[in-house]
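Chain by chain, the residues:
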Amino acid sequence: MLSCPQHHHPSLHIHVRHSWRHSNPTATVSSCLSHAKNTQQYQNPENPTIAAAAAATHVSILRTHNAKSTGLLLHHLKQPGHPPETLPQLDAIPQEEKVKLQEMILITKKRIPQFPGSISQQIAPNANINSPLHTLFRDDNNSEQKEEDADEEMVIRALEIRRKVTSEIFKQAMMKGKFGITYSTNLANKLGDFLDFVMIEAAALKTLPEFEFTSFNVRARTVIDDLKVVPLVRWLKHNHLSYNKIAKLICMSRGNLESIRRLAEWLKSIHVKGDFLGAVLMKAGENILERRNEGLEEIVEYLENNGVRRDWMGYVMSRCPQLLSYSMEEVKIRVAFFLNMGMNEKDFGTMVFEYPRVLGYFTLEEMNQKVNYLKEFGLSVEDVGRLLAFRPHLMGCGIEERWKPLVKYLYYLGISRDGMKRMLIIKPMVFCVELEKTIVPKVRFFQDIGIWDDAIGNMLVKFPPVLTYSLYKKIRPVIIFLMTKAGVTERNIGKVIALGPELLGCSIVNKLEINVKYFLSLGIRHQQLGEMIADFPMLLRYNIELLRPKYKYLRQIMIRPLQDLVEFPRFLSYSLEGRIIPRHKVMVEKQINLKLRYMLACSDEEFMEKVETAVKRRQKFESAFVNGAPHNRPAADHPEEEMVVPCPETESES
């Protein structure tokens, strides 16, 4: 253990132990070393007289309980064949060995009895810098600083012990209130600041006469009982708050636990549900527990006067607790920001109810930047106000993160600023969806089915909601239905979607399938129906109740074949009372007949010109017939003319 010889005389240890009890450590070390030097003299064989006298003197002071071991050692040393051993000279021991020897002597002092909670500085065997012995060899300048550090460390350790004691007292109080050990431990681990507050209050109670002679445990338990923290924890847990939220609220209260119950009761009065109480209390700001109920009620009344209904307040505050942290002046500025854009109270109230964060989550600077960016599309202030009232979620979109990349991508598809303005007005939600995850996959799908980029741009401007539909739940099923059930070929499917993107918004079961069955029931073949849809995709979007009268008039009154409808399916898109019947009457009166395409797909002036031309040709034919011309009528010079013969009287309506 030490670098001294293997055999040590017992008198050395006896003298060390005896001297440690009755003298200081430095004197003990000196006397120990001098005694070792004297012991070396009587072990030297060159001076047997002195050795014998010293041995006799030494034997007289041996301790009784070590007599057996001492006798064995002396018997071993007196054996004739045992070589004489000499102890090294004191001056020959290195300084480092001296330090270790003296440190061992200091360590062997009597251990002080300890009790639970006491503080005792233990000496580490391998600690060279902070060992007690090194204080004898270190500089005086550093000793004061190290003593201060040691004192600070002792204070910190004492505080940690007190904190642990406070934590145990709190857990005992929780378990006394019928809480489990696991829940109590988890909650106590999150209440560091609150336990420090309890510890400080318990220490302050010692100044009071009634607590002057009480223990710390009694004072800490008194503080916890007076704060009524256990009933508060039970009440918050009953309102669906987790122990993490409860701990954060208790720490935020800074000892004023009654403010938590007071604010929670007020939130319930404005219809905030228990599931959102914790979120509102924690997200409303650090000073929310310090505000009075009168100031919060003033904010609610002001919002109610500007269109936000009282029974909406709970929903609004649950989704935007930041409103409760603003002063009354700040709330008025934010409300005026929207009212100055032309909103009325009704629009403002519905906007706040639909997206409460629009009022209190963003800074005024961010809101002004987004409004100015929307104006760059050619919108006026009133247009932006109506846009935000209709889709307030636009205020939650970032300019750099969402709007600018989308505008750049739409410009790549050939959409102009006016087209983007139309998209923004018709479907503002397009500017709220993610570009990479929502819009780009749909555009690639349209390219895969044969739609050109320019046509895609026109299609998006014509029907912007298509970008908000699900690709796999809405768009693809409609495409598959058109190709399998409606007779649209793979070559025409791109044309159908480009001309009629509105079909992608129709329900397959409630609209498309019903219309397809109706047209097939008229005798139209599957392939013919596909050609009709390719020529006029909107055919499948009309209400069947509006199609039946038109088809009946075509077949029974106009006496037209079904092929005319197959060749010109747009016939079903014209108004029966406004265009079909009036023009048919003109044709009956003039005794002419035109194809459906040239009869309906023109203005009234163009239609009358075609009627006059057809009448002249009919009169020319009749004069030639009367003058002995051939009975066979020559082919019509104009494609819109059919057989120019007098229309039968059965075609006219009574």
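For clarity, every value in this text was computed on a predicted model and none was experimentally measured.

A. Region of the structure containing the overall build of the protein. Broken down by element type, the protein carries 33 helices and 0 strands. Sequence-distant contacts, at least 24 apart, represent 71% of the contacts inside the protein between residues at least 6 apart. Total accessible area on the protein is roughly 37500 Å²; 53% of this is exposed by carbon and sulfur atoms.

B. Layout of helix H8 (residues 192–204). For H8, spanning 13 residues, the distance from its first C-alpha to its last is 19 Å, which sits close to the expected 18 Å at 1.5 Å a residue. Every buried residue belonging to H8 is among Phe-194, Leu-195, Val-198, Met-199 and Ala-202, and all of these are buried. Axial view of H8: buried residues confined to an arc of 145 degrees, hence all on one face. Exposed residues lying more than 90 degrees from the buried face of H8 are Asp-193 and Ile-200.

C. Expanded view of the nonpolar core. Residues Phe-338, Phe-446 and Leu-482 are the most contacted members of the largest nonpolar core, which totals 172 residues. For Phe-446, the residues in contact, after removing those within four places along its chain, are Ile-451, Ile-456, Met-459, Val-466, Ile-475, Ile-497 and Leu-504.

D. The pattern of salt bridges, seen in detail. Scanning the model with the defined rule gives 16 salt bridges in all. Asp-196 is paired through a salt bridge with Arg-163; the nearest N and O atoms lie 2.7 Å apart. In this pair, Asp-196 sits in helix H8 while Arg-163 sits in helix H6 (residues 140–176), placing the two residues 33 residues apart along the sequence. Relative accessible area serves as the criterion here: at 24%, Arg-163 is assigned to the partly exposed category. With a shortest N-O distance of 2.2 Å, Arg-386 and Asp-383 are connected by a salt bridge. Of this pair, Arg-386 and Asp-383 both sit in helix H20 (residues 381–390), 3 residues apart, which is roughly one turn of that helix. By relative accessible area, which is 54% here, Arg-386 ends up exposed.

E. Spatial organisation of a negative patch on the surface. A cluster of acidic residues, Glu-605, Glu-606, Glu-609 and Glu-612, forms a negative patch at the surface. The residue Glu-605 is located in helix H33 (residues 604–626) in this model.

F. Here's a closer look at the packing of aromatic side chains. One pass over the structure, following the stated rule, counts 17 aromatic pairs. Seen from their ring centres, Phe-179 and Tyr-183 are 5.6 Å apart, and the 15 degrees between their planes marks the pair as stacked. Phe-179 gets classed as buried once you look at its relative accessible area, which sits at 7%. On the basis of an interplanar angle of 45 degrees and a centroid distance of 6.4 Å, the ring pair of Phe-338 and Phe-348 is categorised as tilted. Taken as a pair, Phe-338 in helix H16 (residues 328–339) and Phe-348 in helix H17 (residues 345–354) lie far apart in primary sequence, 10 residues in all. Joined through ring pairs, the aromatic side chains of Tyr-373, Phe-377, Trp-403 and Phe-431 make up one cluster. Just above the ring of Tyr-361 sits the side chain of Arg-357; from NZ or CZ to the centre is 3.7 Å. In this structure, Lys-370 is placed above the aromatic ring of Phe-362, and the distance from its NZ or CZ to the ring centre is 4.3 Å.

G. Focus on unusual backbone geometry. For Lys-178, which is not glycine, the phi torsion reads 75 degrees and is therefore positive. Take Lys-178: it is sitting in the loop between H6 and helix H7 (181–190). One non-glycine residue with positive phi stands out, namely Ile-559, at about 50 degrees. Relative accessible area serves as the criterion here: at 47%, Ile-559 is assigned to the partly exposed category.

H. Geometry of helix H21 (residues 399–412). End to end, H21 covers 18 Å across 14 residues, agreeing with the expected 20 Å (1.5 Å per residue, within 8%). When H21 is considered as a whole, its buried residues turn out to be Ile-399, Trp-403, Leu-406, Val-407, Tyr-409 and Leu-410. Packed against the buried residues of H21 are helix H19 (364–375), helix H22 (417–426) and helix H23 (435–448). The first or second residue beyond H21 is Gly-414, which carries a positive phi of 90 degrees.

I. The environment of Leu-424, seen in detail. Residue placement: Leu-424 occurs in helix H22. Using a relative accessible area of 0% as the deciding quantity, one classes Leu-424 as buried. Separated by 50 residues in sequence, Leu-424 and Leu-374 have C-alpha atoms that sit 9.2 Å apart. The contacts of Leu-424, once residues within four sequence positions are left out, are Leu-374, Phe-377, Leu-379, Leu-387, Leu-394 and Phe-431.

J. Structural view of the packing of H21 against H23. For the pair H21 and H23, interaxial distance at closest approach is 12 Å and the crossing angle is 10 degrees. Of the possible angle classes, the one that applies to H21 and H23 is roughly parallel. Contacts between H21 and H23 involve Pro-405, Leu-406 and Tyr-409 on the former and, on the latter, Leu-435, Ile-439, Val-440 and Val-443. Residue classes in the contact of H21 with H23 are distributed as 7 nonpolar, no polar and no charged.

K. Expanded view of the packing of helix H14 (residues 293–305) against H16. At a closest axis distance of 10 Å, the pairing of H14 and H16 adopts a crossing angle of 20 degrees. Viewed along their axes, H14 and H16 adopt a mutual orientation that is roughly parallel. Considering only the axes of H14 and H16, their crossing is right-handed. Along the contact surface, H14 presents Glu-298, Ile-299, Tyr-302 and Leu-303, while H16 presents Met-328, Val-331, Lys-332 and Val-335. Broken down by class, the residue content of the contact of H14 with H16 amounts to 6 nonpolar, no polar and 2 charged.

Thresholds applied
- Residues numbered from 1 in each chain as written.
- Predicted model: local features only at pLDDT ≥ 70, side-chain atom pairs only at ≥ 80, totals over all residues.
- Heavy atoms only, no water.
- Helix = DSSP H or I, 4+ residues; strand = E, 2+ residues; numbered from the N terminus.
- Contact = heavy atoms within 4.5 Å.
- Areas by Shrake-Rupley, 256 points an atom, 1.4 Å probe, with all protein chains shown as cover.
- Expected span 1.5 Å × (residues − 1).
- Buried < 20%, exposed > 50% of the residue type's maximum accessible area, 1.4 Å probe, protein only.
- Arc of directions from axis to C-beta.
- Core = buried A, V, L, I, M, F, W, Y, C linked by side-chain atoms within 4.5 Å.
- Salt bridge = Lys/Arg side-chain N within 4 Å of Asp/Glu carboxyl O.
- Patch = residues over 30% accessible without salt bridge, like charges linked within 9 Å, V, L, I, M, F, W, Y side chains within 5 Å.
- Lys, Arg positive; Asp, Glu negative; His and termini not counted.
- Charge placed at Lys NZ, Arg CZ, Asp CG, Glu CD.
- Phe/Tyr/Trp six-rings, centres within 6.5 Å; stacked < 30°, edge-to-face > 60°.
- Lys NZ or Arg CZ within 6 Å of the ring centre and 35° of its normal.
- Axes fitted to C-alpha atoms, helices over the stretch in contact; angles between N-to-C directions.
- Parallel < 35°, antiparallel > 145°, perpendicular 65-115°, else oblique.
- Nonpolar A, V, L, I, M, F, W, Y, C, P; charged D, E, K, R; others polar.
- Left-handed = near helix turned anticlockwise from the far one by under 90°.

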